[in-house]
Amino acid sequence: MKEIEALAKALRNAKHVVVLGGAGVSAESGIPTFRDALEGYWSKYDPELLATPEAFRRDPALVTRWYDERRQKVLACQPNDAHRALVEVEAWCHEHASTFVILTQNVDGLHQRAGSKDVVEVHGSLLKWRSTRSNQEVEDLPIPFRTYPANAPDGGLLRPGVVWFGENLPELAVERVELELARADLFIAIGTSGIVYPAAAWSEVARQNGAFTAEINRDPTPLSSSFNMVLRGNAGEILTSLISEIRGG
Ligand code: OAD
């Protein structure tokens, strides 16, 4: 496909490559996306009842159980071709003296399990939980939790280390994102619907800072027309072809 060649060319010309990933990257691992009409989490559950600080205050047992079940699910899933190809893209970039970072909205840890080295979890992680009392992360958690809600050793409750609606992104992640968007010369958004801000704004920030921008997505998104190029299809397939193209060419 012509677009793969064009993206490979952009990669060869780039010095600072930034990938923004969303739920579509993990879809081929069997993890539901959020906005798929049939299987997406938000077509089955109301985010207001599960993914807000108010929801946790109202019903900590329900919210803890829901995130614990998601935690168990991701631990049972494996990285897919998209995760594996991105490990190779990172290695290729380093061989060619380029920087490469994945800004992921996913909370499943699959990029790290696949072997990616530089991953910024902009929406936090399902695998890290912290105390509501001290805000300290708690290690060595039982899987599953023994009670819902789950108690932290310091007397607080355990809450998932994810960003809920109405919460700020982690400070360190924000600093890193700003740095990367300022210097990116290639920005690739993969498997994200471009609806949730601030991440949805980042492709445009990068483009205005001079980056070439590409979208890889199975479906059109509200942002598709703002990218320099669009590759339509499954992330695993497209990224595997991209690797063949850059390794072969
Ligand atoms: P969404 O579920 O909103 O979007 C997933 C996107 O991936 C859609 O555009 C799909 O068409 C596309 N897609 C699905 N399967 C694909 C595949 N195999 N290959 C390529 N594309 C595919 O998920 P996100 O954009 O990640 O936030 O959602 C952003 C945030 O909204 C999430 O991080 C979460 C959610 O509410 C929080 O929980 C804070």
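Quantities reported herein were computed from a predicted structural model and do not represent experimental measurements. (Residues numbered from 1 in each chain as written. Predicted model: local features only at pLDDT ≥ 70, side-chain atom pairs only at ≥ 80, totals over all residues. Heavy atoms only, no water.)

### Some details on the domain arrangement of the chain
- In terms of domain boundaries, the chain breaks down into domain 1 (2-30 + 78-123 + 168-248) and domain 2 (40-76 + 129-162).
- Each of domain 1 and domain 2 was reduced to a C-alpha centroid, and the two centroids are 28 Å apart.
- Looking at the side of domain 1 facing domain 2, the largest losses of area belong to Val107, Asp108 and Arg113, adding up to 55% of the total buried there.
- Between domain 1 and domain 2 we count 0 salt bridges in total.
- Remark: the boundary between domain 1 and domain 2 carries 2 residue pairs in polar contact (both at pLDDT 80 or more). (Domains from an automatic or database assignment. Buried area = accessible area lost by both parts, 1.4 Å probe. Salt bridge = Lys/Arg side-chain N within 4 Å of Asp/Glu carboxyl O. Polar contact = N/O pair within 3.5 Å; in protein donor to acceptor, adjacent residues only side chain to side chain.)

### Some words on the nonpolar core
- Ranked by size, the top nonpolar core spans 30 residues in total, and within it Leu7, Leu11, Ile190 and Leu239 carry the most contacts.
- Apart from the residues within four sequence positions on either side, Leu7 is in contact with Leu186, Ile188, Ala214, Ile216, Met229, Leu231 and Leu242.
- The next biggest cluster of nonpolar side chains, apart from the first, holds 24 residues, and it includes Phe56, Trp66, Leu141 and Ala152. (Core = buried A, V, L, I, M, F, W, Y, C linked by side-chain atoms within 4.5 Å. Buried < 20%, exposed > 50% of the residue type's maximum accessible area, 1.4 Å probe, protein only. Contact = heavy atoms within 4.5 Å.)

### Some points on the side chain of Glu215
- Mapped onto the elements of the fold, Glu215 is located in strand E8 (residues 212-217).
- A distance of 2.7 Å separates a polar atom in the side chain of Glu215 from a polar atom in the side chain of Thr221.
- One polar contact links Glu215 to Ser224, side chain to side chain, over a distance of 2.6 Å.
- When residues no more than four places from it in sequence are discounted, the contact partners of Glu215 are Ala189, Thr221, Ser224, Phe227, Met229, Val230, Leu231 and Arg232. (Helix = DSSP H or I, 4+ residues; strand = E, 2+ residues; numbered from the N terminus.)

### A closer look at unusual backbone geometry
- Cis geometry is found at the peptide bond from Tyr148 to Pro149, where omega equals -5 degrees.
- Along the chain, Pro149 falls in the loop between strand E5 (137-138) and strand E6 (158-162).
- Positive phi values are uncommon outside glycine, yet Ala97 reaches one of about 60 degrees.
- By secondary structure assignment, the location of Ala97 is in the loop between helix H7 (81-95) and strand E2 (99-104).
- For Asn135, which is not a glycine, the phi torsion comes out positive at approximately 70 degrees.
- Positionally, Asn135 belongs in the loop between strand E4 (124-131) and E5.

### What about the pattern of salt bridges?
- Taken as a whole and assessed by the stated rule, the structure comprises 15 salt bridges.
- Across the salt bridge formed by Arg84 and Asp81, the nearest N and O atoms sit 2.9 Å from each other. Within this pair, Arg84 and its partner Asp81 are both found in helix H7, separated by 3 residues, close to a single helical turn.
- Judged by its relative accessible area of 43%, Arg84 is partly exposed.
- Salt bridges sharing common partners tie together Asp118, Arg176, Glu180 and Arg183.

### Quick notes on the site of the ligand
- The environment of the ligand is made up of 23 residues, and the closest members are Phe34, Arg35, Thr192, Ser193 and Asp219.
- A distance of 2.7 Å is found between an oxygen atom of the ligand and a backbone nitrogen or oxygen belonging to Ala23.
- Starting from 790 Å² of accessible surface for the ligand in isolation, the protein chains cover 94%.
- Judged by its atoms lying within 2 Å of the grid points, the ligand is housed in the largest pocket.
- The biggest single contributor to the shell around the ligand is helix H2 (residues 23-27), with 3 residues.
- The class makeup of the residues in the shell around the ligand is 8 nonpolar, 11 polar and 4 charged. (Near = heavy atom within 4 Å. Areas by Shrake-Rupley, 256 points an atom, 1.4 Å probe, with all protein chains shown as cover. 1 Å grid on protein atoms, 1.4 Å probe; cavity = no way out; pocket = protein on both sides within 12 Å on 5 of 7 lines; lining within 4 Å. Sits in = over half its atoms within 2 Å of the grid points. Nonpolar A, V, L, I, M, F, W, Y, C, P; charged D, E, K, R; others polar.)

### What about the layout of surface pockets?
- Size it by volume and the largest pocket reaches roughly 920 Å³.
- Tallying contributions element by element places H2 first for the lining of the largest pocket, with 3 residues.
- Of the residues in the lining of the largest pocket, the class split is 23 nonpolar, 15 polar and 8 charged.
- Structurally, the lining of the largest pocket is a two-domain feature, drawing no fewer than three residues from each of domain 1 (2-30 + 78-123 + 168-248) and domain 2 (40-76 + 129-162).
- Taken as a whole, the second largest pocket encloses approximately 550 Å³ of empty space.
- Residue lining of the second largest pocket: 20 residues in total, with Gly124, Lys128, Arg130, Gly161 and Pro170 positioned closest to the centre.
- Contributing elements (two or more residues each) for the lining of the second largest pocket: strand E3 (119-121), E4, E6 and helix H9 (171-183).
- It is E4 that provides the largest number of residues to the lining of the second largest pocket, a total of 5 residues.
- Of the residues that constitute the lining of the second largest pocket, the class distribution is 8 nonpolar, 5 polar and 7 charged.
- Mapped onto the domain boundaries, the lining of the second largest pocket takes at least three residues apiece from domain 1 (2-30 + 78-123 + 168-248) and domain 2 (40-76 + 129-162). (Points joined across faces, edges and corners; volume = space filled by probe spheres on them.)

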